[in-house]
Amino acid sequence: MTEETIPRCPYCDSPMELRTARRGFNKGGQFWGCSRFPECRGTQDLSEDPTSSTSERNPESSPADGEATAQHYSILDVDPTASPEEIKHSYRTLVKVWHPDRHRHDPVVLAKAQEKLKTINLAYEKIKEGW
Ligand SMILES: [Zn+2]
């Protein structure tokens, strides 16, 4: 009878189990997790209608040109859900860490620092474009 309310995994079609999130932004909240976890990591929000959801979560797919990607956020050491303030803060910290002035004594490190800073600046620009 309750069978019908149990959604099936969007990835492997196994029945899902009700779980409680132990970490992350949804901590304490409940969600459906694939019964084959950790083999299969299919999840589904409780609120979603199991019949209409195919979980269009695709962090791997590359978005249109010019858009900030998950990679840009990881370069800045922030979550894609981070607020502009958090991102700015992390950006400023990274600039301090990699600032060429700090590495003048070592040309090899200096070159690496400049490269790194370029990547950081680029990522920051990309993310800012989306604000
Ligand atoms: Zn599954």
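Residues numbered from 1 in each chain as written. Predicted model: local features only at pLDDT ≥ 70, side-chain atom pairs only at ≥ 80, totals over all residues.

Visitor: Which parts of the structure should I look at to understand the nonpolar core?
Guide: Among the nonpolar cores identified, the biggest contains twelve residues, and these are Ala68, Ile75, Leu76, Val78, Ile87, Tyr91, Leu94, Trp98, Ile120, Ala123, Tyr124 and Ile127. When contributions to this core are tallied by element, the ones reaching two or more residues are helix H2 (84-98) and helix H3 (107-129). Setting aside residues no more than four positions away along its own chain, leucine 94 makes contact with Leu76, Asp77 and Ile120. (Core = buried A, V, L, I, M, F, W, Y, C linked by C-beta atoms within 7 Å. Buried ≥ 20, exposed ≤ 12 C-beta atoms within 10 Å, placed from the backbone. Helix = DSSP H or I, 4+ residues; strand = E, 2+ residues; numbered from the N terminus. Contact = placed C-beta atoms within 7 Å.)

Visitor: Where do I start with H3 in this structure?
Guide: The periodicity of an α-helix, 3.6 residues per turn, causes residues three or four places apart in sequence to face the same way. Over its 23 residues, H3 extends 33 Å from the first C-alpha to the last, a length consistent with the 33 Å expected when each residue adds 1.5 Å. The set of residues buried in H3 consists of Ile120, Ala123, Tyr124 and Ile127. The inward-facing, buried residues of H3 abut helix H1 (70-75) and H2. (Expected span 1.5 Å × (residues − 1).)

Visitor: Would you mind going over unusual backbone geometry with me for this structure?
Guide: Here the amide bond leading from phenylalanine 37 into proline 38 is cis, since omega sits at 5°, within 30 degrees of zero. Structurally, the position occupied by proline 38 is in the loop between strand S2 (30-34) and strand S3 (43-45). Residue aspartate 13 is not a glycine yet carries a positive backbone phi of 70°. Among the structural elements, aspartate 13 can be located in the segment before strand S1 (16-20). Positive phi is not limited to glycine here, since aspartate 77 has a value of about 65°.

Visitor: Any chance you could explain the sheet that holds S3 here in plain terms?
Guide: In any sheet, the strands associate via hydrogen bonds between backbone groups, in a parallel or an antiparallel arrangement. Taken together, three strands build an open sheet; the order of strands is S1-S2-S3 and the sheet is antiparallel. Each of the sheet's edge strands pairs with one partner strand only, and the pair in question is S1 and S3. Ignoring strand direction, the axes of neighbouring strands in this sheet form an average angle of 35°. With three bridges joining them, S2 and S3 adopt antiparallel strand pairing. The residue bridging tryptophan 32 from the neighbouring strand is glutamine 44, located in S3. (Pairing = 2+ DSSP bridges. Axes fitted to C-alpha atoms, helices over the stretch in contact; angles between N-to-C directions.)

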